[in-house]
Amino acid sequence: MYDVIVVGGGNAAFCAALSASESAKKVLILERAPEEEAGGNSRFTAGLFRLAYTGPDDLKTLIPDLSAEEIANTDFGTYTEEQFLDDMARVTEFRCDPDLTEILVKKSLPTAQWMRKRGVRFTAAWGRQAFKIGGKFKFWGGLTVEAVGGGPGLIEAETQIAKKAGIEIWYGARALSLVSDDSGVHGVTVKKDGRTFQVQGKAVVLAAGGFQANTEWRTRYMGPGWELAKVRGTRFNTGDAIQMALDIGAAAHGNWSGCHAVAWDRNAPETGDLAVGDGFQKHSYPWCVYINADGKRFVDEGADFRNYTYAKYGRVILQQPKQFAWQIFDAKLKQQLRDEYKIRQVTKITGNTLEELVSRMDDTDQKAALETLKEYNAAVQTHIPFNPNVKDGRCTKNLAINKSNWANTLDTPPFEAYAVTCGITFSFGGLRINTQGQVINSDGGLIPGLYAAGELVGGIFWFNYPGGSGLTNGAVFGKIAGASAAAAATGR
Ligand SMILES: Cc1cc2nc3c(=O)[nH]c(=O)nc-3n(C[C@H](O)[C@H](O)[C@H](O)COP(=O)(O)OP(=O)(O)OC[C@H]3O[C@@H](n4cnc5c(N)ncnc54)[C@H](O)[C@@H]3O)c2cc1C
């Protein structure tokens, strides 16, 4: 008999298990994936955590080896709780659950500090979230901290810490259903090594991710066309734990037709490849001109900082003819392109003139594309200075769809175009929890012994998402759910 069984092997699951182990003796993690593919979407990440902080002193609690020189050479700015709350409200169009969102924000820094204390190491995200201006790094967009070693480093660290804490981990162990009766949940039915059996537990935490890797559910809940999206991360998040909970009366909650989806290499495999990780993403689009197969622009590439648009623009690309688009850059902007543009597995064409570039755009109305690019060039307000660190207002005027910031003319060869499609990251719909991480049933009551955290919880993210909130969400509510489950199991 286990005190707490945690279903899932990603960041939310590890935080739940670690937190449970602080008061419960016997904690078990059931991970569906084999060990070499374990770690869920969390392992695919860059390891970026969004958290509220007031300055370098807060950051030093997470990154004790931040040197005086690094602090002197960096403008970390601040990211207050108010800013984080505002960002959540704005990007979710004011639908995010107010109680859960307040916890997410207020517990973001203390939870990361707890992870640090348990042994997870963090660093500043110099490579991704800071630009160098006048010899000084300046962070932008409220996203400053990442786990050392990114997602793989995070999962490796959490696995070692869990093992040291005496937490058992079963790999290749797929949870199939919950063992329950009128008094609540008492364990999990598992399939492992071809054998199906029950594992008894006093409390169960579900942290098995969303349903984005389930093609049929994607099409059923997100709509026609979603079967054509690529899955950015793990192939194992097929909604199992959501179904297990619904089967015993849990309430479905949140934005079931919504998801996090981004620009992703058109020729990427159907599901994530751990060797490439998040390298298939193409996130430098605020500096690009987007063209679809009809040769038309279709979105304001510079509507906001990348952090606040990237998660909803995947859907916009999926809605384009043939579900793809080109990101077009000229040589002026080349050094601004993120590292993911330099990987070997990239779908890219080049040309020394716009005519030559366009002639290489297969599957595209090339005549319309050239006209669109010329019309765009003529509309750029070049008298406004370009500044990638602020919303610079360097826009286009009088186009059917204008670019609001960072508009640059395409005039310096060689020109480059990258073909992207929609890559789905995770589904937004899931289960309803209360502020203790307890799962709510469809009558509004509790399901005794059942807790949930991470991607499979609905009601926090809707329509869109501020970058780096997924890991924070899993950590904050994983810790809470684990502690609640352990308290229920041990009667403390
Ligand atoms: C390419 C990519 C990059 C990303 N970058 C970032 C980033 O930098 N920062 C950020 O905050 N977020 C990022 N995200 C989002 C982030 O990965 C998720 O929000 C977060 O990791 C979800 O954590 P989780 O623990 O809930 O789910 P996961 O980490 O996906 O874990 C779910 C686990 O459940 C297991 N499982 C599934 N079904 C079963 C079953 N039936 N039985 C047992 N186990 C099961 C899976 O194998 C997996 O181990 C990124 C996602 C992707 C795909």
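Here we summarise the structure given alongside this text. Note that the coordinates shown come from a computational prediction; the quantities given were computed from them, not determined experimentally.

Bridge count between strand 10 (residues 173-181) and strand 11 (residues 184-192): eight bridges; the pairing is antiparallel. Considered in strand 11, the bridge of Arg174 is made with Lys191. Count of turn residues in the strand 10/strand 11 antiparallel hairpin: two residues.

Below, the discussion takes up the site of the ligand. Inspection of the region around the ligand gives 40 residues, with Glu31, Asn41, Ser42, Asn237 and Leu471 positioned closest. Within the backbone of Asn11, a nitrogen or oxygen atom sits 3.4 Å from an oxygen atom of the ligand. Gly470 places a polar main-chain atom, nitrogen or oxygen, 3.2 Å from an oxygen atom of the ligand. With the chains in place, 98% of the 1,000 Å² that the ligand exposes on its own is no longer accessible. Secondary-structure elements contributing two or more residues to the shell around the ligand are helix 1 (11-20), helix 2 (40-44), strand 10, strand 19 (415-427) and helix 15 (469-490). Across the shell around the ligand, the residue classes break down as 15 nonpolar, 18 polar and seven charged.

For the rest of this paragraph, the subject is the state of the cysteines. All told, the structure shown has zero disulfides when counted by the stated rule. No disulfide involves Cys288; its sulfur sits 16 Å from that of Cys422, the nearest cysteine. According to the relative accessible area criterion, Cys288 is buried, its value standing at 0%.

This part is about the nonpolar core. Counting residues in each nonpolar core, the largest one holds 145 residues, and the members touching the most others are Val4, Val188, Leu206, Tyr290 and Phe477. Ranked by residue count, the leading element in this core is helix 15, at nine residues. Of all hydrophobic cores here, the second largest spans 23 residues; its members include Ile328, Leu354, Ala417 and Ala419.

Time to look at the sheet that holds strand 7 (residues 136-139). The strand order across the open sheet formed by three strands is 4-7-6, and the pairing between neighbours is mixed. Looking at which strands have only one partner, the edges of the open sheet turn out to be strand 4 (74-75) and strand 6 (130-133). Sheet topology places strand 6 next to strand 7; four bridges connect them, and they run antiparallel. Within strand 7, the residue paired with Phe131 across the bridge is Lys138.

Ordered in space as 3-8-5, the three strands form an open sheet in which the pairing is antiparallel. Each edge of the open sheet is held by one strand with a lone partner, namely strand 3 (48-49) and strand 5 (122-124).

Along helix 5 (residues 81-91), the residues that are buried comprise Phe84, Asp87, Met88, Ala89 and Val91. If you follow the buried residues of helix 5, they end up packed against helix 6 (98-106), helix 7 (108-118), helix 12 (306-318) and helix 15. At the exit of helix 5 stands Glu93, carrying a positive phi of roughly 55°.

The subject of this paragraph is the pattern of salt bridges. A full pass over the atoms with the stated rule returns 26 salt bridges. Residue Asp304 is joined to Arg90 by a salt bridge in which the shortest nitrogen-to-oxygen separation is 3.0 Å. Here the residue Asp304 occupies a position in the loop between strand 16 (289-292) and helix 12, and Arg90 occupies one in helix 5, the gap between them amounting to 214 residues. You can call Asp304 buried: its relative accessible area is 9%. Here Asp363 ties to Arg266 by a salt bridge, and the two come within 2.8 Å at their closest N and O atoms.

For the rest of this paragraph, the subject is unusual backbone geometry. The phi angle of most residues is negative, glycine excepted, and most peptide bonds adopt the trans form. Between Pro413 and the following residue, Pro414, the backbone shows a cis peptide bond with an omega angle of -5°. Mapping Pro414 onto the fold places it in the loop between helix 14 (366-379) and strand 19. For Asp363, which is not glycine, the phi dihedral falls at a positive 65°. Tracing the backbone shows Asp363 in the loop between helix 13 (354-359) and helix 14. By relative accessible area, which is 38% here, Asp363 ends up partly exposed. Here the phi dihedral of Trp406 falls at roughly 60°; this positive angle occurs in a residue that is not glycine. Tracing the chain through its elements places Trp406 in the loop between helix 14 and strand 19. Residue Trp406 is classed as buried on the basis of its relative accessible area of 1%.

Once that is clear, we can look at the packing of aromatic side chains. Tallied over the full model, the rule gives 30 aromatic pairs. Ring centres 6.0 Å apart and planes at 80° place the aromatic pair Phe324 and Trp326 in the edge-to-face group. For the pair Phe324 and Trp326, one class covers both residues: buried. Seen from their ring centres, Phe329 and Tyr418 are 5.9 Å apart, and the 75° between their planes marks the pair as edge-to-face. Placement of Phe329 in strand 17 (residues 325-329) and of Tyr418 in strand 19 is noted, with a sequence separation of 89 residues between them. Here Tyr418 falls in the buried class, since its relative accessible area comes to 1%. An aromatic cluster of at least three residues, connected via ring pairs, comprises Phe76, Trp126, Phe137 and Phe139. Note that Arg95 overlies the ring of Trp462, its terminal NZ or CZ placed 5.8 Å from the centroid. The residue whose ring lies beneath Arg266 is Phe324, and the NZ or CZ to ring-centre distance is 3.6 Å.

Definitions and cut-offs
Residues numbered from 1 in each chain as written. Predicted model: local features only at pLDDT ≥ 70, side-chain atom pairs only at ≥ 80, totals over all residues. Heavy atoms only, no water. Pairing = 2+ DSSP bridges. Helix = DSSP H or I, 4+ residues; strand = E, 2+ residues; numbered from the N terminus. Near = heavy atom within 4 Å. Polar contact = N/O pair within 3.5 Å; in protein donor to acceptor, adjacent residues only side chain to side chain. Areas by Shrake-Rupley, 256 points an atom, 1.4 Å probe, with all protein chains shown as cover. Nonpolar A, V, L, I, M, F, W, Y, C, P; charged D, E, K, R; others polar. Disulfide = S-S within 2.5 Å. Buried < 20%, exposed > 50% of the residue type's maximum accessible area, 1.4 Å probe, protein only. Core = buried A, V, L, I, M, F, W, Y, C linked by side-chain atoms within 4.5 Å. Contact = heavy atoms within 4.5 Å. Salt bridge = Lys/Arg side-chain N within 4 Å of Asp/Glu carboxyl O. Phe/Tyr/Trp six-rings, centres within 6.5 Å; stacked < 30°, edge-to-face > 60°. Lys NZ or Arg CZ within 6 Å of the ring centre and 35° of its normal.

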